Amino acid sequence: FKGEAPLNVKGYKLSVVRIHSIDLEEGALGNKNTLVVGVPKTFQVTVGKPHTVGSILNKHTEYTITVKTSMENYPDSNLKIDRRYSDFEWLYNRLARAFPGRVIPPIPEKQSRNRFDKDFVEGRRLALQKFLDEVTQDPTFAVTYDVQVFFTASTEGMEAARSIMPFGDGVLSD
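Residues numbered from 1 in each chain as written. Predicted model: local features only at pLDDT ≥ 70, side-chain atom pairs only at ≥ 80, totals over all residues. Heavy atoms only, no water.

(A) Quick peek at the pairing of strand β3 (residues 43-53). Pairing geometry for β3 and strand β4 (residues 60-69), over 9 bridges, is antiparallel. Paired with His51 across the strands is Glu62, a residue of β4. Taking the residues that link successive antiparallel strands as the turn, the β3-β4 hairpin has 6 residues, and the phi of Gly54 there is positive, at about 95 degrees. (Pairing = 2+ DSSP bridges. Helix = DSSP H or I, 4+ residues; strand = E, 2+ residues; numbered from the N terminus.)

(B) Spatial organisation of the pattern of salt bridges. In this structure the tally under the stated criterion is 6 salt bridges. Notably, a salt bridge pairs Glu122 with Arg125, separated by 2.8 Å at the nearest N-O pair. In this pair, Glu122 and Arg125 are both assigned in helix α2 (residues 118-137), 3 residues apart and thus about one turn of the helix distant. Take Glu122: its relative accessible area is 33%, and that puts it in the partly exposed class. Overall, Arg125 belongs to the buried group, its relative accessible area being 16%. (Salt bridge = Lys/Arg side-chain N within 4 Å of Asp/Glu carboxyl O. Buried < 20%, exposed > 50% of the residue type's maximum accessible area, 1.4 Å probe, protein only.)

(C) Expanded view of the packing of helix α1 (residues 85-98) against helix α4 (residues 155-164). Running from N to C, α1 and α4 cross one another at 45 degrees; their axes reach a closest spacing of 11 Å. Relative to α4, the element α1 is oriented oblique. You can see that α1 and α4 cross each other, and the crossing is left-handed. Contacts from Ser86, Asp87 and Trp90 of α1 reach α4 at Met158, Ala161 and Arg162. (Axes fitted to C-alpha atoms, helices over the stretch in contact; angles between N-to-C directions. Parallel < 35°, antiparallel > 145°, perpendicular 65-115°, else oblique. Left-handed = near helix turned anticlockwise from the far one by under 90°. Contact = heavy atoms within 4.5 Å.)

Below you can see the structure in the form of structure tokens.
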């Protein structure tokens, strides 16, 4: 077997290992020259029904997100969280800082007028769904600590992350 293969260390870090030559004995891993690498890590993400929360002075829209994942470093394979637009904005900015020069999937622009309009909220939900689909399908972005925080932190934990982790590389390391 020759070429490059992705290496996933406990689901934490994705790097490339160059394999020059491997000779396998018959029956060691199945058929001769067959290397079983494992099941790819996956996500199924749904940005669900938006709902408005807060008082008149602190009113905002939250989106209920359900996540199914096979990532080993997640506390559960089925997660359900509420996130507001600023949480998506935080994730976008963290990825942009961690991967300069890479194209980060876009999020919809911030809007102050008519932000509670039913059509606007639904259009934003669809755009946020597309953002998370593209992030979780990218093998580099999907394994970042920032994505894990986004999907696993409580509402209070996400607020803390936005305040204490505004910048940084966001990549899990050993």
